[in-house]
Amino acid sequence: MKIHEFQAKELFRKAGVPVPRGGAAVSVEEAERVAAELGTFPVVVKAQIHAGGRGKGGGVKLAANAGEVKQLASSILGMTLVTHQTGPEGRLVKKLLVEEGLPIEKELYLSVLPDRGAAKIVFMASQAGGMDIEEVAAKTPEKLIKVFIDPLIGMKGYHANELAFGLNLEGDQVKRFTAMALKLYRLCVDLDCSLVEINPLILTKDGRVIALDAKINFDDNALYRHKDILEYRDFDEEDPFEVEASKYELNYIRMPGGNIGNMVNGAGLAMATMDVISQAGGAPANFLDVGGGASAEQVENGFRIILSDPSVKGVLINIFGGILRCDRLANGVVEAAKKVGIKVPVVIRMEGTNVEEGRKILDESGLNLITAKDVSDAAQKIAAIVKA
Amino acid sequence: MSVWVDRNTKLLVQGITGREGRFHTVNCKNYGTNVVAGVTPGKGGQDVEGIPVFNTVAGAVKETGANAAMVFVPPPFCADAILESIDAGLALIVAITEGIPVMDMLKVKNYLKNSQSRLIGPNCPGIITPGQCKIGIQPGHIHSPGHVGIVSRSGTLTYEAVHQIQQFGMGQSTVIGIGGDPVNGTSFIDCLSAFQADPETRAIIMVGEIGGSAEEEAADFVKNHVTKPVIGFIAGLTAPPGRRMGHAGAIISGSSGTASGKIDAMRQAGITVVENLGEMGAIAKKAFASVL
């Protein structure tokens, strides 16, 4: 799960990680009030969307006085912000963060996250703050500092020192940085974060170490033990079809620009089915895994969500019946098709346990379902029908 | 011979009294797996289809001599259950459960390193040596004994691979689902290394997907240490970056973990790549002709 910068900064504040003074606003008036309360200029007006690259896209601006705050807030609120992470359709800005401007001496990069390969918690740091970390890793890998921490031992002082001295910090900066890094580690572990990123982390001219930006992603599998974090979920930032699918615990992802809906049991097979559709010259409209042990109800809900997408011109159902038998699945599909009503061609490929009985149910359903003999055949059939 | 499980495997099931645990335990038993015990804290003394239930893993091991565990415990308690089996000294632990937090698995993974146990999964279909032993939720009847070893990160995609090679008359030595989570117990390399050493296995199929770099590392291992023919498949060529594709581990981060990167790595290692899923059986037939 992703959250906004202002929410991440709230969590930083609670954890004792220094952030600029500021507050969120959903209207121009609120933005003016936050700026007035700060009692200082310049202030920074920042668009709040779940995507990076906001500055380059024109969503982060500096205001020198109250008039400029009003002007910037009204132009940024309601704008469609396009960044390298939003896709060409961009994202509508509905929230702002208004913060004090700070005298920056140096910008650094710092992140902490679980490293899947090493099975450790890793800190990454670089003196090239503000730059994309992938770019740093690719162009100047020697400038990227990595410190791995055994989760059974936890972060120790020497880990923090390695980072601080690696970043060439001096004097009080070292103490302030290491105290902050230890707090950041606790936050990452305690809140089950999949990423905590500060880019840039700044050193101010008066010697402070402050998180100028804040990004936190959470491990969805751990949200059951963080009910308070769930409160931060912003449905405005999610695709409405995906929000609907999440109500039924369906793994559904919408693919903008696609027109062939597909429903598959199992995540790997679902990805592979999208690939086969694409290889047959079609464009998958979604990813949908109804689960290795999908129930008739899951199949029905999945079917309904796929068909509610107006860009879907045809549907491919690919089911490998394992423990869940094909005859039961066929019944589920037929029931769902009757309830939901199908207005686009549907190709079904079914294999595995009780496949003959399953095919018979589909053939005798009286529904216009096209059966396929294997996965390639299914993809070619649906791609050809949709193209025609 | 076979890999990790055979007729001598004595299985205990953690979470045997739950709906899923009970259902799949019976399926494993019917397949021929020697299921000797179940464990559910507080339900010791009961039985499930004649299988005695114990309160603790240590108690079950002491009474029955179990040497492997299958874990169906729900996500909030699953890491705890795996740690219990590690402490009880079980040689093999197969965790089926999907949805264990990454932070929990990081601890389990690091604890495993100093133990005698091998963990397969979590979030996996299990392991099967056809005709001898099935630990997991796979449909046993689609398999048959033979000489192809299969290792995969996905459940139904593994069944698809088994089904397709069956169509061309090829059976399996051992089929291992290592699971779709970002942090898991057994890697591709562990399985490839075991297949290389196993005389029953003459050829290998490796099924990967987007996310992480396990396939790239495995390809490198194949290049340097595997002499048996290997074919590979990667799911997720059309997956958008930054999205979790069903499996917690199936996510492209920035430019790393892409399907095309993994396919390139496999090609460079001399692995025959299956580009279109529908052709896996036919490609296996051709690539394995000299050894089967």
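Keep in mind that what you see is a predicted model, and the values were worked out from it rather than measured.

A. The domain arrangement of chain B, seen in detail. Residues and elements named next belong to chain B. As assigned here, chain B comprises domain 1 (10-120) and domain 2 (143-287). One C-alpha centre belongs to domain 1, the other to domain 2, and the line joining them spans 26 Å. With nine residues of domain 1 in contact, the opposing surface of domain 2 contributes seven residues. For the side of domain 1 that touches domain 2, the secondary-structure elements that each account for two or more residues are helix H4 (102-112) and strand E7 (118-120). A total of five residues in the side of domain 1 that touches domain 2 trace back to one element, the largest contributor, which is H4. When its residues are assigned to classes, the side of domain 1 that touches domain 2 shows seven nonpolar, no polar and two charged.

B. Local environment of helix H9 (residues 280-287) of chain B. Residue and element names in this part refer to chain B. Taken residue by residue, H9 has Met280, Gly281, Ile283 and Ala284 as its buried positions. Buried residues in H9, looked at end-on, bunch into an arc of 165°, giving them a common side. Each element contacted by the buried residues of H9 is listed here: helix H5 (156-167), strand E12 (203-209), strand E13 (230-235) and strand E14 (272-273).

C. Representation of the interface of chain B and chain A in the model. Each partner contributes to the interface: chain B provides 48 residues, whereas chain A provides 44 residues. Residue assignment for the side of chain B that touches chain A shows that the elements contributing at least two residues are helix H3 (75-87), H4 and H5 of chain B. Top contributing element to the side of chain B that touches chain A by residue count: H4(B), with seven residues. Of the residues belonging to the side of chain B that touches chain A, the class tally is 23 nonpolar, 19 polar and six charged.

D. Just the sheet that holds E7(B), in detail. Residues and elements named next belong to chain B. Spatially, the seven strands line up as an open sheet ordered E3-E4-E2-E1-E5-E6-E7, and their pairing is mixed. Each edge of the sheet is formed by a strand with only one pairing partner; in this case those strands are strand E3 (47-48) and E7. As judged from the four bridges shared by strand E1 (residues 10-14) and strand E5 (residues 68-71), these two strands associate in the parallel manner. When the bridges of E5 are listed, Leu12 appears paired with Ala69. Helix-sheet contacts for H3 involve E1, E5, strand E6 (92-95) and E7, and the interaxial angle to E6 is about 170°.

E. Region of the structure containing the nonpolar core. The biggest cluster of nonpolar side chains holds 197 residues, and the ones touching the most others in it are Met271(A), Leu11(B), Leu12(B), Val71(B), Ile82(B), Ile93(B) and Val94(B). Of all the elements, helix H9 (residues 267-279) of chain A adds the most residues to this core, at eight residues. Discounting chain neighbours no more than four positions away, the residues touching Ile82(B) are Val71(B), Ile93(B), Ala95(B), Val108(B) and Leu119(B). Listed in part, the 23 residues of the second largest apolar core include Ile49(A), Val69(A), Ala73(A) and Ile76(A).

F. The environment of Phe72(B), seen in detail. All names here are of chain B. Relative to the elements of secondary structure, Phe72 occurs in the loop between E5 and H3. Separated by 48 residues in the primary sequence, Phe72 and His24 have C-alpha atoms spaced 9.3 Å apart. Residues within four places of Phe72 in sequence aside, it is in contact with Val13, Gln14, Gly15, Gly18, Glu20, Gly21, Ile96 and Thr97.

G. Looking closely at the domain arrangement of chain A. Residues and elements named next belong to chain A. As assigned here, chain A comprises domain 1 (1-19 + 103-235), domain 2 (21-101) and domain 3 (238-387). With centres defined by C-alpha atoms, the gap from domain 1 to domain 2 works out at 23 Å. The interface is formed by four residues belonging to domain 1 together with six residues belonging to domain 2. Classifying every residue of the side of domain 1 that touches domain 2 by side-chain character gives one nonpolar, one polar and two charged.

H. The arrangement of the packing of H9(A) against helix H13 (residues 375-387) of chain A in detail. Residues and elements named next belong to chain A. Axis separation between H9 and H13 bottoms out at 8 Å; the angle between their running directions is 55°. Classified by the interaxial angle, the pair formed by H9 and H13 is oblique. The way H9 lies across H13 gives a crossing that is right-handed. Within the contact between the two elements, H9 uses Thr273, Val276, Ile277 and Gln279 and H13 uses Val375, Ser376, Ala379, Ile382 and Ala383.

I. Region of interest: the packing of H5(B) against H9(B). All names here are of chain B. Closest axis-to-axis distance for the H5/H9 pair is 8 Å, and the angle between their directions is 60°. The angle between the axes of H5 and H9 places the two elements in the oblique class. Along this stretch, H5 crosses H9, giving a crossing that reads as right-handed. Across the interface between the two elements, Ala161, Gln164, Ile165 and Gln167 of H5 pack against Met280, Gly281 and Ala284 of H9. In terms of residue class, the contact of H5 with H9 is made up of four nonpolar, three polar and no charged.

J. Examining the environment of Thr186(B) more closely. On the secondary structure map, Thr186(B) appears in the loop between strand E11 (172-177) and helix H6 (188-197). It is 9.8 Å that separates the C-alpha atoms of Thr186(B) and Val94(B), two residues lying 92 residues apart in sequence.

K. Inspection of the pairing of E1(B) at higher detail. All names here are of chain B. Counting buried residues in E1 gives four out of five residues, a clear majority hidden from the surface. The pairing of E1 with strand E2 (residues 34-39) spans five bridges and is parallel. Of the residues in E2, the one forming a bridge with Leu12 is Ala37. Following the backbone out of E1, through helix H1 (residues 19-31) and into the adjacent parallel E2, one traces a crossover that is right-handed.

L. Representation of the sheet that holds strand E3 (residues 60-63) of chain A. Residues and elements named next belong to chain A. Strand order in the open sheet formed by four strands is E1-E6-E2-E3, and the pairing between neighbours is antiparallel. This sheet does not close on itself; its edge strands, each paired only once, are strand E1 (22-25) and E3. Sheet twist, expressed as the mean angle between neighbouring strand axes with direction ignored, is 20°. Sheet topology note: the strand E2 (residues 43-47)/E3 ladder contains four bridges and is antiparallel. What sits directly across from Val44, in E3, is Leu62. Each of E1, E2, E3 and strand E6 (96-100) touches helix H3 (residues 66-76); the most contacted strand, E2, lies at about 5° to it.

M. Just the pairing of strand E15 (residues 286-289) of chain A, in detail. Residue and element names in this part refer to chain A. Residues Asn286 and Leu288 of E15 are buried on one face, and the alternating residues Phe287 and Asp289, pointing to the opposite face, are buried as well. Note: strand E13 (residues 251-254) against E15, four bridges, orientation antiparallel. For Asn251, the partnering residue across the bridge sits in E15 and is Asp289.

N. Inspection of unusual backbone geometry at higher detail. All names here are of chain A. With an omega of 0°, the peptide bond between Phe41 and Pro42 qualifies as cis. Mapped onto the elements of the fold, Pro42 is located in the loop between helix H2 (28-38) and E2. Between Asn199 and Pro200 the backbone carries a cis peptide bond, its omega angle lying at 10°. Relative to the helices and strands, Pro200 is located in strand E10 (residues 193-204). The backbone of Asn354 shows a phi angle near 55°, a positive value even though the residue is not glycine. Take Asn354: it is sitting in the loop between strand E17 (346-352) and helix H12 (355-363).

Reading the values: rules and limits
Residues numbered from 1 in each chain as written. Chains lettered and ligands numbered in written order. Predicted model: local features only at pLDDT ≥ 70, side-chain atom pairs only at ≥ 80, totals over all residues. Domains from an automatic or database assignment. Contact = placed C-beta atoms within 7 Å. Helix = DSSP H or I, 4+ residues; strand = E, 2+ residues; numbered from the N terminus. Nonpolar A, V, L, I, M, F, W, Y, C, P; charged D, E, K, R; others polar. Buried ≥ 20, exposed ≤ 12 C-beta atoms within 10 Å, placed from the backbone. Arc of directions from axis to C-beta. Pairing = 2+ DSSP bridges. Axes fitted to C-alpha atoms, helices over the stretch in contact; angles between N-to-C directions. Core = buried A, V, L, I, M, F, W, Y, C linked by C-beta atoms within 7 Å. Parallel < 35°, antiparallel > 145°, perpendicular 65-115°, else oblique. Left-handed = near helix turned anticlockwise from the far one by under 90°. Right-handed = clockwise from strand over helix to strand, strands pointing away.

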